[in-house]
Amino acid sequence: MNHAVIKSLAVGTILALAVGACSSSGSGSKPSSKAQATGKPLVVDDTPLSPMTDTFNPYSATSTGHVVTADSLYNEPLFIWNILNPSQPPFDVLATGYSWSNGGKTLTLTVRSGVKWNDGKPFSASDVAFTFNMIRSHPGLDTDGTPVPSGATAPSPTKAVLTFSQSEYTNLFLIGQTYIVPQHIWASVNPATFADPNPVGTGPFMLDKFSPQGFTLKQNPFYWNKAAVRVPEISYPSYSQNFNIVNPLATGQIDLAGNDIANVQGVYLAKDPDNHTYATSAPYYTANNLVSLVFNVTKAPLNDAAVRQAVNYGINRAQLSAQGETGYELPATSTSGLLLPGANSFLQPSLSNNLASGGDPNKVSSILSADGWTKTGGKWTKGGKTISFSIADPIPYSDYYLDAQAIAKQLNALGMNVTVDGIGDPTVWQSDLTNGTFDAAIHWSNQGPGPYYIYDGLLDAKLSAPVGKAAANDLGRWNDPATQAALAQYAGSNDPSVQSAAINKLEGIMNSEAPVAPLLYGAAWWQYSTRNYTGWPSSSNPFMNPSVNSPYLEETVLHLKPVS
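**Comments concerning the packing of aromatic side chains**
Phase 1: Taken as a whole and assessed by the stated rule, the structure comprises 22 aromatic pairs.
Phase 2: Considering the side-chain rings of Phe 173 and Tyr 453, the 5.2 Å spacing of their centres and the 65° angle between planes classify their relative orientation as edge-to-face. Taken together, the residues span a long stretch of sequence, with Phe 173 in helix 4 (residues 172-176) and Tyr 453 in helix 13 (residues 452-459) at a distance of 280 residues. As far as the burial class goes, Phe 173 and Tyr 453 line up, both buried.
Phase 3: Considering the side-chain rings of Tyr 397 and Trp 444, the 6.4 Å spacing of their centres and the 45° angle between planes classify their relative orientation as tilted. Of this pair, Tyr 397 sits in the loop between strand 18 (388-394) and helix 11 (398-413) while Trp 444 sits in the loop between strand 20 (440-443) and helix 13, and the two are 47 residues apart along the sequence.
Phase 4: The rings of Phe 79, Trp 81, Tyr 98, Phe 173, Tyr 452, Tyr 453 and Tyr 490 are connected pair by pair, giving a single aromatic cluster.
Phase 5: Across the ring face of Trp 224, the terminal group of Arg 112 is positioned such that the distance to the ring centre comes to 3.9 Å.

Structure below.
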């Protein structure tokens, strides 16, 4: 997740960047072969995962490298954007330029020359074309919403051409942050099942040591910009629960973390105020994603819009915020699904503050009664069946697990039968979600420069899959022609008024159909120490949105300098 200072983003700005003829470097660094890695190992923790498995496939939602969001440290994308400042040119990574043609249906990429994979073999535009053709040939790879091209070619070693069936101006952000994999390795494997235990990539780091208790990354000797690498080693230790990292974080054993830590001021900042840093104004981590209750709409009774609406209005979000999130994530206030207040300029007035923070039992009764449900023995009943479903979330994600228990208790008091399926291994949970074998789950949304990216990740049926097959996004299997038309309207235009109209349509669908229930404005968890390294993103130098997530982490690490 991203840092606490994320503000509302001007979507028109990122569009202007996307439609422009070419990109320019935002990093200011010149590629160099001179190594400068002289500091101490950098210790990072992003998510509790124990035990770890030696899986580093960037397109597998359950691989260790992907779950702890280390992907871009070894498998780089084409570009990395600072979504704190969408007018800032992207950092050029494996591409150094781009141009649109054919009304936004053709994207030509200038591919960086002189790059090698960490096994010493040359990288070229053929690898870029291969990666996008692989995504097209294997639906369901975890791509974070990258639009699927109709074809990709490499006319030269430094030029890749992607073609799409519709205009994709708006989706340059997602296209550019696609992880590129080596054709000479991946052409002979099934990318959906490939474990990738020893990842071959172009990134500044490569796998060094692995055990179920953690792994370390060492400097890639073939990295194209060695001068930028001042961190010799990165360590990812294994922790089983969020609260297990409190002591090592407080005592300086962890340099960078992205976890929900209760009483972070007392247990972290106060332990070393000279070096420990996090956002200092309430709410302590500014929102950068929408936390929602995702409904599997293929399953009864959640295939009934009235039931979904009733659940949406029945939840006491104030309790989730205060107890599950200890006040660090604020309650969602609108059924629109917009990330507020940052997206207030898009919000329809009729949907402003239409979710009571404490829930609305009377509205629940009104909706269900109108839909033919009656209370029998204190439970809502229709056709001899009750409103019964389970909420699945990982026990190690302690805040989500507490939230799920609170929601079940709240809804049961209103006449439903809701249980909590606590899952010990987050990778098992992620597999259940991608394959559609769940009823409901609390989950975060995609991030990006504007509301489109949240809606696209939650609702785009093109990114989904039938139950039993892996979905890249739209985990709830929402499939609605009006939704698809609105998403296409937004992505295919560079006219702000057309885009605003598309967002308004999506707000209306969220309100009337409730394909997901917005719960909380998700916090940008971010704690770091300046004891061993300086150069972190800050309010005085916001070169990158501070985040433990990939791909943003790569640029942050490349800006770090050892204290000594």
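**Side note on the confidence of the model for the chain**
Phase 1: Across the chain, the average pLDDT comes to 89, with 91% of residues at 70 or higher.
Phase 2: Per-residue pLDDT stays below 50 along residues 1-30; that stretch engages in 97 contacts with residues further than four places along the chain or on separate chains.
Phase 3: Within the model, the stretch residues 280-284 combines pLDDT values under 50 with eight contacts to residues more than four positions away or in other chains.

**Notes on the packing of helix 14 (residues 481-491) against helix 15 (residues 496-513)**
Phase 1: In the contact formed by helix 14 and helix 15, the axes pass within 8 Å of each other and the chain directions differ by 155°. Compared by their axis directions, helix 14 and helix 15 come out roughly antiparallel. In this structure, helix 14 meets helix 15 at a crossing whose hand is left-handed. Contact residues: Ala 482, Thr 483, Ala 486, Leu 487, Gln 489 and Tyr 490 in helix 14; Val 498, Gln 499, Ala 501, Ala 502, Ile 503, Lys 505, Leu 506 and Ile 509 in helix 15.

**Focus on helix 15**
Phase 1: With 18 residues, helix 15 should cover 26 Å at 1.5 Å per step; its first-to-last C-alpha distance of 25 Å lies within 8% of that length.
Phase 2: Within helix 15, the full set of buried residues consists of Gln 499, Ala 502, Ile 503, Leu 506, Glu 507, Ile 509 and Met 510. In a view along the axis of helix 15, the buried residues occupy a sector of 160°, so they form one face of it.
Phase 3: Note on helix 15: the residue one or two positions beyond its end, Ala 514, has a positive phi of about 45°.

**Some words on the sheet that holds strand 6 (residues 151-156)**
Phase 1: Read from one edge to the other, the open sheet built from four strands follows the order 4-5-7-6, with strand pairing classed as antiparallel. Pairing within the sheet leaves two strands with one partner each, and these edge strands are strand 4 (95-101) and strand 6. Looking at each pair of strands side by side, their axes are set apart by 20° on average, direction ignored.
Phase 2: Note: strand 5 (residues 106-111) against strand 7 (residues 159-163), five bridges, orientation antiparallel. Within strand 7, the position partnered with Thr 108 by the bridge is Val 161.
Phase 3: Those strands touched by helix 3 (residues 125-137) are strand 5, strand 6 and strand 7, and its axis lies near 170° from that of strand 6.

The rules we used
Residues numbered from 1 in each chain as written. Predicted model: local features only at pLDDT ≥ 70, side-chain atom pairs only at ≥ 80, totals over all residues. Heavy atoms only, no water. Phe/Tyr/Trp six-rings, centres within 6.5 Å; stacked < 30°, edge-to-face > 60°. Helix = DSSP H or I, 4+ residues; strand = E, 2+ residues; numbered from the N terminus. Buried < 20%, exposed > 50% of the residue type's maximum accessible area, 1.4 Å probe, protein only. Lys NZ or Arg CZ within 6 Å of the ring centre and 35° of its normal. pLDDT = per-residue confidence, 0-100. Contact = heavy atoms within 4.5 Å. Axes fitted to C-alpha atoms, helices over the stretch in contact; angles between N-to-C directions. Parallel < 35°, antiparallel > 145°, perpendicular 65-115°, else oblique. Left-handed = near helix turned anticlockwise from the far one by under 90°. Expected span 1.5 Å × (residues − 1). Arc of directions from axis to C-beta. Pairing = 2+ DSSP bridges.

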